[in-house]
Amino acid sequence: MTDTSRRRLLAGAAGLGGTALATAVATAAPAAAASGTGAGWLNVRDTAFGALGDDSADDQPAIQKAIDAAGQGGTVYFPPGRYRIAAPLRLSLGVTLRGDWNPHFPVRTNMADSFLRPGIGNFTGEALIVVDPAPVNGDYTDSAYRGGPRLHGLALDGRDQKDATGAAIDGIRINPGVKDVGMDKVTVWRCTGHGLNAQNAAAFQLNQVHCVDNDGHGFTFGDSAGTGGGLVDADLFQCYSQGNKGHGYDILNPNAVTMVDCRSEWNAQHGYQITGITYSMVVVGCNTDRSGQDGFHVSTSAGGRFIQFVGCLAKRDGKSGTGYSGFSVTGASAEGVVLAACSTSTGRNDDNTGDYSPSYGITTSALNTASVVSVVGGEYVGTTAAFHDVGAAVVRHSGVTAGVQDASGITWDKSDVHMLSGAAGTNRDVQFWSRGRNRRWALRATDAAESGTGDGSDFVLVRYGDDGTALDTPVTVRRNTGRITLGQPGTTPGVVVNASASPGFSLVQTRPAGQGYSVTSADASSRVFQAGVAGDSVNRFAIEVDGTQTFGPGGSTGRDTSWGRLAAAQVGSTDSDLVAGLAGKGLRVKEGTNAKMGTLTLNGATAVMVPTTAVTASSRIFLTIQAPGGTPAGVAYVSGRTAGTSFTVKGATGDTSTVAWLIVEPA
């Protein structure tokens with residue numbers, strides 16, 4: 001007999017007020033429960049149990065009688081009806097509670113036709129349905145014989161009722177020690193507690209379970225026993241959490257947990273809160289919409305590994321304030337947290353009111369320095385920034401699109417980048433290894449302290465030995481100045497250029513009045529430049545830090561010619577002559593005010609004064625006739641001088657010749 005035909009027969013038995021079929025079912029129930037073989041299908045409306053489903057009578061005793069009679073593997077069937085209960089329905093063995101009603105959007109349907117609900121003002125208990133451990137010494141195999149407890153096609157309407165003592169009422173509570181629970185097409189609505197509250201849960205299978213408008217979390221999986229338990233060996237498929245006043249999904253210590261195509265919408269707190277030791281969890285194709293806080297909030301504890309989000313979407317989260325994110329990863333350890341092809345989007349309320357949110361696409365914080373959050377592909381948008389790293393490390397791989405939302409729209413970051421960020425005071429490396437051996441090179445942002453004034457986090461190239469030990473940092477770029485340091489104390493020259501084209505090195509200075517090269521030496525004996533020819537053991541040309549230039553023939557012969565600064569305002573050589581070695585070239589001296597060379601016109605024997613500050617008491621003043629005039633006598637002589645002011649020249653009577661003069665100081 002098929003399930004459908006069996007249901008029709010059972011329903012028909014109830015409708016006839018008790019037929020042979022109903023009598024047979026009722027008669028078989030006690031024996032089935034005792035034998036552990038299951039009683040098959042039992043109809044709660046059958047006369048053997050007597051549930052009315054009239055939205056008036058307390059149907060809890062009748063339904064509980066059917067549950068107890070069903071035994072391990074039996075099915076308790078609820079025909080359409082409105083079943084009030086004044087106390088929880090309690091399960092422990094593998095009994096299936098089955099109805100044919102579970103609205104996806106109870107707000108729209110008002111659950112008007114079929115549901116379980118607490119009696120108004122007279123309910124006593126912690127939840128509408130309570131699942132306790134099987135009374136078989138906690139043995140996993142026995143408790144799961146023919147499958148553990150199952151709920152199918154049920155709607156639980158909490159009607160915003162509290163327990164008679166004023167305590168909140170959960171929709172479904174699963175106590176510690178229960179294993180192998182299945183739920184399919186179950187809706188929990190308007191409970192004053194949580195929708196589904198499972199403690200120390202193991203081996204759960206939830207399919208299309210909907211928790212809507214509850215005062216607590218939609219789904220919560222915790223550890224009331226304090227044993228480090230939580231949610232273990234569980235699969236959630238197409239579950240839905242909407243409008244709850246807590247988190248959409250509250251999951252502690254997930255281990256071997258898979259969530260596929262689940263949704264969290266308009267919950268007051270986080271859409272998905274995952275805390276504790278995340279041993280292993282995979283979240284595929286899940287999404288959020290307009291969560292009050294973070295869309296996906298992961299707060300990890302040390303000791304766990306692996307939580308992977310694949311193709312998840314966080315939409316318009318953080319509606320309750322600023323600082324929230326589509327994805328947030330925090331806690332003591334985030335090793336193995338991977339986001340692949342996930343995305344966040346910004347938005348406002350459905351009627352286009354309210355503020356745009358969230359503030360960030362992804363936030364990481366408070367992680368240890370060994371933790372890495374890997375982000376591969378996807379699109380991330382926030383109203384403040386796409387990425388907000390205040391923790392250890394986020395890796396932004398190629399293929400990630402990022403943007404910032406403001407009132408005028410989204411500004412997209414179109415760069416294709418690989419981003420490695422980490423906490424201040426930690427080295428952040430991109431390392432290059434020889435396969436199967438050791439690292440050879442690293443590009444590093446250093447752990448130098450940052451004060452917030454542009455210092456710290458210098459950029460260096462690190463060189464490693466064959467054994468993987470760091471040897472030196474040939475190149476350093478200072479963050480506070482942007483200056484490049486080549487080499488470090490005790491190392492060989494920082495740069496060697498082997499040029500196959502000319503010039504070998506070219507610097508183009510584009511800044512007006514800028515400097516081409518600047519050398520700062522450790523002391524006054526340093527050399528800033530030297531040059532030679534291949535085969536020379538002594539450089540042919542050198543510039544010392546004080547500007548002195550020295551020259552030599554090359555080979556092994558020392559440099560024998562020099563010139564440079566001799567004293568204030570004096571340039572010359574202490575070991576060389578000044579030679580104009582090309583015919584037509586020589587000495588050129590500027591004439592003018594206070595010059596050392598010029599011309600004058602004699603006035604016979606009357607002294608002619610030449611004003612110039614260049615004359616000294618020891619100056620050698622040379623005079624020569626340039627153009628004869630008057631009655632030239634060929635006589636011109638220095639007749640007087642005032643050091644630093646002027647000198648005078650006389651000639652013979654009647655001589656008006658033009659005379660050139662030149663001042664030379666003795667060395």
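How each quantity is defined
- Residues numbered from 1 in each chain as written.
- Predicted model: local features only at pLDDT ≥ 70, side-chain atom pairs only at ≥ 80, totals over all residues.
- Heavy atoms only, no water.
- Disulfide = S-S within 2.5 Å.
- pLDDT = per-residue confidence, 0-100.
- Contact = heavy atoms within 4.5 Å.
- Helix = DSSP H or I, 4+ residues; strand = E, 2+ residues; numbered from the N terminus.
- Polar contact = N/O pair within 3.5 Å; in protein donor to acceptor, adjacent residues only side chain to side chain.
- Buried < 20%, exposed > 50% of the residue type's maximum accessible area, 1.4 Å probe, protein only.
- Phe/Tyr/Trp six-rings, centres within 6.5 Å; stacked < 30°, edge-to-face > 60°.
- Pairing = 2+ DSSP bridges.
- Axes fitted to C-alpha atoms, helices over the stretch in contact; angles between N-to-C directions.
- Salt bridge = Lys/Arg side-chain N within 4 Å of Asp/Glu carboxyl O.

Here's the deal with the state of the cysteines
Then, in step 1: Scanning the entire structure with this criterion turns up zero disulfides.
Then, in step 2: In this structure Cys191 is not part of a disulfide, and its nearest cysteine sulfur, from Cys211, lies 8.4 Å away.
Then, in step 3: With no disulfide of its own, Cys262 lies closest to Cys286 among cysteine sulfurs, the gap being 4.4 Å.

A look at the confidence of the model for the protein
Interpretation of this model should avoid reading the predicted coordinates in detail wherever pLDDT is low.
Then, in step 1: Residues with a pLDDT of 70 or more make up 87% of the protein, whose mean pLDDT is 86.
Then, in step 2: This model gives residues 1-37 a pLDDT under 50, and the stretch forms 43 contacts once residues within four places in sequence are excluded.

Some words on the side chain of Ser241
Then, in step 1: With respect to the helices and strands, the residue Ser241 is situated in strand S16 (residues 240-242).
Then, in step 2: Ser241 has contacts with Cys211, Gly218, Phe219, Gly248, Tyr249, Arg263, Ser264, Glu265 and Asn267, leaving out every residue within four places of it along the chain.

Regarding the side chain of Ser457
Then, in step 1: Within the element layout of this structure, Ser457 appears in the loop between strand S38 (439-445) and strand S39 (459-464).
Then, in step 2: Side chain to side chain, Ser457 and Arg428 meet in a polar contact 3.5 Å long.
Then, in step 3: Excluding its chain neighbours within four sequence positions, the residues that come into contact with Ser457 are Arg428, Thr446, Ala448, Glu450 and Arg479.

Considering helix H3 (residues 60-70)
Then, in step 1: In terms of burial, H3 is largely enclosed, as eight of its eleven residues are buried.
Then, in step 2: Among all positions in H3, only Gln60, Ala62, Ile63, Gln64, Ala66, Ile67, Ala69 and Ala70 are buried.
Then, in step 3: Where H3 terminates, the next one or two residues include Gly71, which has phi positive at roughly 70°.

What to know about the packing of aromatic side chains
Then, in step 1: Here the structure, examined in full by the defined rule, presents 15 aromatic pairs.
Then, in step 2: Ring centres 4.7 Å apart and planes at 10° place the aromatic pair Phe219 and Tyr249 in the stacked group. You can see Phe219 sitting in strand S14 (residues 219-222) and its partner Tyr249 sitting in strand S17 (residues 249-252), a full 30 residues away along the chain. You'll find Phe219 and Tyr249 in the same group, each marked buried.
Then, in step 3: Arranged with centres 5.6 Å apart and planes meeting at 70°, the rings of Phe296 and Phe309 form a pair that is edge-to-face. Pair noted here: Phe296 is in strand S23 (residues 296-300) and Phe309 is in strand S24 (residues 307-310), with a separation of 13 residues, a long-range link. Per residue, the accessibility class of Phe296 equals that of Phe309, and both read buried.
Then, in step 4: Following the ring pairs from residue to residue traces out a cluster consisting of Phe219, Tyr249, Tyr272, Phe296, Phe309, Phe327, Tyr380 and Phe387.

Observations regarding the sheet that holds strand S47 (residues 597-601)
Then, in step 1: Read across the sheet, three strands follow the order S47-S52-S49 without closing on themselves; strand pairing throughout is antiparallel. One side of each edge strand has no neighbouring strand; the edge strands of this open sheet are S47 and strand S49 (620-627). On average, each strand axis in the sheet is tilted by 25° relative to the strand beside it, whichever way the strands run.
Then, in step 2: Bridge count for S47 against strand S52 (residues 658-664) is five bridges, and the pairing is antiparallel. Directly across from Thr601, in S52, lies its bridge partner Thr658.

Description of the pairing of S38
Then, in step 1: In this sheet, S38 lies alongside strand S37 (residues 428-433) in antiparallel orientation, the contact comprising six bridges. Of the residues in S38, the one forming a bridge with Val430 is Leu443.
Then, in step 2: With five bridges connecting them, S38 and S39 associate as antiparallel partners. From the neighbouring strand, Ala442 faces S39, where its bridge partner is Val462.

A short note on the pattern of salt bridges
Then, in step 1: Counted according to the given criterion, the structure contains 19 salt bridges.
Then, in step 2: Among the salt bridges present, the one from Asp429 reaches Arg444, with a minimum N-O distance of 2.8 Å. Placement of Asp429 in strand S37 and of Arg444 in strand S38 is noted, with a sequence separation of 15 residues between them.
Then, in step 3: You can call Arg444 buried: its relative accessible area is 18%.
Then, in step 4: Taken together, the shared-partner salt bridges connect Asp55, Arg84 and Arg117 into one network.

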